[in-house]
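# Residue-level structure breakdown
Each chain, written out:
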Amino acid sequence: MARVPDEPQRDVAANAIADWLRGAKATQLAKVFAELGIAEDIGNRTVALGALAEQYRMRPERLLRLLRGFVELNLLAEPEPERFTLTATGSLLRKGAPGSWREIVLLSAHEVALRSWERLEAGVRGGKGGFHEAYGASIFECLRGDAELAALYDDAMGRMTASIARCVAENYEFTGVGTVADIGGGDGTLIATILRHHPGLRGIVFDRTEDGKRYAPGATFVTGDFFAAVPGGADRYLLKWILHDWADEQAVAILSTIRAAMPEHARLLIIEQVLAEPGAPRDPELTDLNMLMLYGGRERTRAEFEELCTRAGLRIERALPLPGTTCGLLEAVR
Ligand SMILES: C[S@@+](CC[C@H](N)C(=O)[O-])C[C@H]1O[C@@H](n2cnc3c(N)ncnc32)[C@H](O)[C@@H]1O
């Protein structure tokens, strides 16, 4: 019987493993790239190794190895030996650039994220996830005592929210709506975007902090605890990336607080990743495990959101796709 050659298959399988292992190193490279500000320093120029070595006070032969690591990640190009330019990918780590990933990289590569993931097994075995295993408190309790990390957290959330916010503003019918309240609205990116698209609306951002006040000038900011009470009387309530931060019991508690504040005609728009069902829900970016590690939370299927809503006295009436994003919109009524 002819032997079926299995060598190429083995290569593909082994390459996949090598790729995963490279990921941890790539994360560190991307973090250092963002922290040094190389994208800002090179800009549109071609810059020689010597100039960068002087600027970063590094030995040129060592810096060269780092820069070539950036070239391997396609953050930089080396069109001539020891001279470097910024690539399109590298430009995405520029501070303040449209669509910048800089803050997202810095948060994903932050010690608190890495230490939470280091506790993967313990976090799966324990009830509260990796962050709690590592720090003995929730991420939100820790953010309260660390203004710098809290600012980075808000910036990263805002960056990740920007394109989803545009999609909500463009796809949801806000005609006839007076007031929209974003519960756990963070830096206000979602409300700011909706108000920009629908100038007649009034917006409220409700969050435990006012960290992000600067981003949504037209909105009212209210601080408070969504386990206790949220502003009443709005026509639409938004809940984006809140339920996935929490285990079922707390998620039901948050939904119940909102239900208590909702007028009869109001609607709640839940904006979350909605896992496919049935069988094997796909989650290629591993956000479900990320939620468990960082928050003790989870991603859910539509059926699971329906169950949470039912327990809180709400009913999901329809689902709206948010094309080009990782999220869907579930509209719930009392
Ligand atoms: C994952 S972020 C989502 C932020 C925003 N909705 C977005 O999608 O970009 C979770 C938000 O919940 C807020 N939060 C956490 N616990 C809270 C509480 N008990 N009461 C009110 N807000 C809270 C945090 O401050 C944070 O802004």
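Residues numbered from 1 in each chain as written. Predicted model: local features only at pLDDT ≥ 70, side-chain atom pairs only at ≥ 80, totals over all residues.

## A look at the overall build of the protein
Short version of the rule: Counting from the N terminus, the helices are the DSSP runs of H or I reaching at least four residues and the strands are the DSSP runs of E reaching at least two. Whether a residue is buried, exposed or partly exposed follows from its count of other C-beta atoms within 10 Å of its own C-beta, namely 20 or more, 12 or fewer, or something in between, respectively; the C-beta atoms are built from the backbone. By the criterion used throughout, residues are in contact when their C-beta atoms, derived from the backbone, lie within 7 Å.
Of the regular secondary structure elements, the protein holds 15 helices and 12 strands. The principal-axis extents of the C-alpha atoms in the protein amount to approximately 70 × 65 × 40 Å. The buried share among the 334 residues of the protein stands at 34%. Counting contacts in the protein only where the partners sit at least 6 residues apart, residues at least 24 apart contribute 62% of the total.

## Quick look at helix α13 (residues 248-261)
The condition that has to hold: Helix span, expected: 1.5 Å multiplied by one less than the number of residues in the helix. Note that the arc is defined by the directions from the helix axis to the C-beta atoms.
When the terminal C-alpha atoms of α13 are compared, their 20 Å separation across 14 residues agrees well with the 20 Å that a helix rising 1.5 Å per residue should span. The set of residues buried in α13 consists of Ala251, Val252, Ile254, Leu255 and Ile258. Across the axial projection of α13, the buried residues extend over an arc of 160°, all falling on one side.

## Some thoughts on unusual backbone geometry
If a residue is not glycine, its phi is most likely negative; likewise, a peptide bond is most likely trans. Notably, Asn74 is not glycine yet its phi reads approximately 65°, a positive angle. For Asn74, the location among the structural elements is in the loop between α4 (60-72) and β2 (76-80). The class for Asn74 is exposed, based on 11 C-beta atoms found within 10 Å. At Glu82, a residue that is not glycine, the phi angle is positive and equals roughly 65°. Mapping Glu82 onto the fold places it in the loop between β2 and β3 (83-86). For Glu82, a count of 13 C-beta atoms within 10 Å translates into the label partly exposed.

## A few points about the domain arrangement of the protein
Accessible area lost when the parts come together is the quantity often used to give the size of an interface. In plain terms, the rule: Domain delimitation in this document rests on an assignment produced automatically or drawn from a domain database.
Once the domains are mapped, the protein shows domain 1 (7-94) and domain 2 (159-333). Taking the mean C-alpha position of each, domain 1 and domain 2 sit 37 Å from one another.

## Considerations on the site of the ligand
Rules: Each residue gets a C-beta atom placed from its backbone. If that atom is within 6 Å of a molecule or strand, the residue is near it. In this count, Pro and Cys sit with the nonpolar residues alongside Ala, Val, Leu, Ile, Met, Phe, Trp and Tyr, while Asp, Glu, Lys and Arg are called charged and the others, Gly among them, polar.
Around the ligand lies a shell of 16 residues, among which Met157, Thr161, Gly184, Gly186 and Trp241 are the nearest. When its residues are assigned to classes, the shell around the ligand shows six nonpolar, five polar and five charged.

## Thoughts on the sheet that holds strand β12 (residues 328-333)
Put simply, the test is: Strand pairing follows a simple DSSP-based rule, namely that at least 2 bridges must link the two strands. Lines fitted to C-alpha atoms define the axes, with helix axes restricted to the stretch in contact, and inter-axis angles between N-to-C directions lie between 0 and 180 degrees.
Read from one edge of the open sheet, seven strands run β6-β5-β4-β7-β8-β12-β11, paired in mixed fashion. Since the sheet does not close on itself, it has two edges, and those belong to β6 (220-223) and β11 (315-321), each with one partner. Each strand of the sheet is rotated relative to its neighbour by a mean of 20°, with strand direction disregarded. Pairing of β11 with β12, which is carried by six bridges, proceeds in the antiparallel orientation.

## Considerations on the environment of Ala77
When you line up the elements, Ala77 lands in strand β2. Residue class for Ala77 comes out partly exposed when judged on the 15 C-beta atoms lying within 10 Å of it. For Ala77 and Gln28, which are 49 residues apart along the polypeptide, the C-alpha to C-alpha distance reads 19 Å. Beyond its immediate stretch of four places on either side in the chain, Ala77 contacts Val71, Thr85 and Thr87.

## As for the environment of Leu66
Residue position: Leu66 is located in helix α4. On the basis of neighbour count, Leu66 is assigned to the partly exposed category, with 17 C-beta atoms found within 10 Å. Taking the C-alpha atoms as reference, Leu66 lies 38 Å from Gly126; in sequence the two are 60 residues apart.

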